[in-house]
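# Working through the structure, step by step
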Amino acid sequence: MLEAILIVIISFIPAMIANSLAVVFGGGPPIDGGRKLKGKRILGDGKTWRGLFGGGVSAGIVGLVLYFVCQPFFSLYPSFLEGLIPMFSLSFGALLGDIGASFIKRRMGKSRGAKAPMIDMYDFVIGAFLLTLIASYGWFVPTYFYFPGLWGTIIVILVLPLLHRGVNIIGYKLGFKEEPW
Ligand code: CTP
Ligand code: MG
């Protein structure tokens, strides 16, 4: 029971930290290349290729480390190779969710860095879930949506977005982020 819940929470760590790592690696050319849609930036200068790949790859590597740390106690994934796709889809999915949110925020007329309460808290969860559902259906559905793992998913959904906010405040205080959200 506890093991199934821990697997969900620990395997979700790459998704949790991908956006913070994107802040560290970010900068350089924006993904939208500066292009606009109906007079507004498609994504804005806050979404860069370096942030996407630097954050996605480094968060995925943290997933690999977690795999080896957890392996002696319980199996985070059926095997190392079967774990690769979920860990990278959780990290890249989180970043794609954040990019999707920027697209929506720009359409709403919000400028880069503007606050968007619900969107900012859940974008990465939705992105990570959707990409992993597509890329790793056979692992994701039983692990995250069958009991008792489902309890872990409920904890992730309720608690982690708040934690995400906490991490952003720390990033802001440390000077990595321009805004505390
Ligand atoms: N970042 C990046 N590439 C990404 C995501 C983030 O380079 N794919 C970097 C940018 O420097 C960005 C910072 O991390 O400014 C903070 O990320 P975030 O809060 O997601 O971006 P915002 O600047 O707030 O832009 P937006 O309003 O579009 O979310
Ligand atoms: Mg922001």
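For the structure, check the block above.
Every value quoted in this text rests on a predicted model; they were computed, and no experiment measured them.

When helices and strands are counted, the protein chain shows 7 helices and 2 strands. Listing every helix and strand of the protein chain by position from the N terminus yields α-α-β-β-α-α-α-α-α. Its C-alpha atoms give the protein chain a radius of gyration of 16 Å, near enough to 16 Å, the size a compact globule of 181 residues would have. For the C-alpha atoms alone, the extent of the protein chain along its principal axes is close to 50 × 35 × 25 Å. Per-residue burial for the protein chain yields a buried fraction of 44% across its 181 residues. Per element, the accessible surface of the protein chain, about 9,300 Å² overall, is 73% carbon and sulfur. Averaging the coordinates of the 16 positive side-chain charges in the protein chain and doing the same for the 9 negative ones gives two points 11 Å apart.

So, about helix α5 (residues 117-135). If you check α5, its first and last C-alpha atoms are 29 Å apart, about what 19 residues at 1.5 Å a residue would give, namely 27 Å. Those residues of α5 lying buried are Asp120, Asp123, Phe124, Val125, Gly127, Ala128, Phe129 and Thr132. Taken together, the buried residues of α5 touch α2 (13-25), α4 (80-107), α6 (137-145) and α7 (149-173).

A word on the site of ligand 1. Inspection of the region around ligand 1 gives 18 residues, with Lys47, Thr48, Ser102, Arg106 and Arg112 positioned closest. Within the side chain of arginine 106, an N or O atom sits 2.7 Å from an oxygen atom of ligand 1. The backbone of glycine 113 places a nitrogen or oxygen atom 2.7 Å from an oxygen atom of ligand 1. The fraction of the free accessible surface of ligand 1 (570 Å²) that becomes covered by protein chains is 90%. Because more than half of its atoms lie within 2 Å of the grid, ligand 1 is assigned to the largest pocket. Elements with a minimum of two residues in the shell around ligand 1: α2, α3 (49-70) and α4. Ranked by residue count, the leading element in the shell around ligand 1 is α4, at 4 residues. In terms of residue class, the shell around ligand 1 is built from 4 nonpolar, 7 polar and 7 charged.

Time to look at the packing of helix α1 (residues 2-11) against α7. Contact pair α1 / α7: the axes reach a minimum separation of 7 Å and the direction vectors enclose 40°. One element, α1, and the other, α7, form an angle in the oblique class. Here α1 and α7 pass one another in a crossing that is right-handed. In contact with Ala4, Ile5, Val8 and Ile9 of α1, α7 contributes Gly149, Trp151, Gly152, Thr153, Ile155 and Val156. When the residues that make up the contact of α1 with α7 are grouped by side-chain class, the tally is 7 nonpolar, 3 polar and no charged.

The biggest cluster of nonpolar side chains holds 33 residues, and the ones touching the most others in it are Phe12, Leu76, Tyr77, Leu90 and Tyr144. Counting residues per element, the ones that place at least two in this core are α1, α2, α3, α4, α5, α6 and α7. No other element matches the 6 residues that α4 contributes to this core. Among all residues touching leucine 76, those that are not within four sequence positions of it are Ile7, Ile10, Ser11, Leu66, Tyr67, Cys70, Gln71 and Trp139.

Moving on, we get to the pattern of salt bridges. Throughout the structure, instances matching the rule amount to 4 salt bridges. A salt bridge links arginine 41 to aspartate 32; the nearest nitrogen and oxygen atoms lie 2.8 Å apart. The two residues arginine 41 and aspartate 32 agree in class, both being buried. Between lysine 47 and aspartate 98 there is a salt bridge, with the nearest N and O atoms lying 2.8 Å from each other. In this pair, lysine 47 is assigned in the loop between β2 (40-41) and α3 and aspartate 98 in helix α4, connecting sequence segments 51 residues apart. Members of the salt-bridge network, linked through shared partners, are Asp32, Arg41 and Asp45.

Rules used in this analysis
- Residues numbered from 1 in each chain as written.
- Chains lettered and ligands numbered in written order.
- Predicted model: local features only at pLDDT ≥ 70, side-chain atom pairs only at ≥ 80, totals over all residues.
- Heavy atoms only, no water.
- Helix = DSSP H or I, 4+ residues; strand = E, 2+ residues; numbered from the N terminus.
- Rg over C-alpha atoms; globule rule 2.2 N^0.38 Å.
- Buried < 20%, exposed > 50% of the residue type's maximum accessible area, 1.4 Å probe, protein only.
- Areas by Shrake-Rupley, 256 points an atom, 1.4 Å probe, with all protein chains shown as cover.
- Lys, Arg positive; Asp, Glu negative; His and termini not counted.
- Charge placed at Lys NZ, Arg CZ, Asp CG, Glu CD.
- Expected span 1.5 Å × (residues − 1).
- Contact = heavy atoms within 4.5 Å.
- Near = heavy atom within 4 Å.
- Polar contact = N/O pair within 3.5 Å; in protein donor to acceptor, adjacent residues only side chain to side chain.
- 1 Å grid on protein atoms, 1.4 Å probe; cavity = no way out; pocket = protein on both sides within 12 Å on 5 of 7 lines; lining within 4 Å.
- Sits in = over half its atoms within 2 Å of the grid points.
- Nonpolar A, V, L, I, M, F, W, Y, C, P; charged D, E, K, R; others polar.
- Axes fitted to C-alpha atoms, helices over the stretch in contact; angles between N-to-C directions.
- Parallel < 35°, antiparallel > 145°, perpendicular 65-115°, else oblique.
- Left-handed = near helix turned anticlockwise from the far one by under 90°.
- Core = buried A, V, L, I, M, F, W, Y, C linked by side-chain atoms within 4.5 Å.
- Salt bridge = Lys/Arg side-chain N within 4 Å of Asp/Glu carboxyl O.

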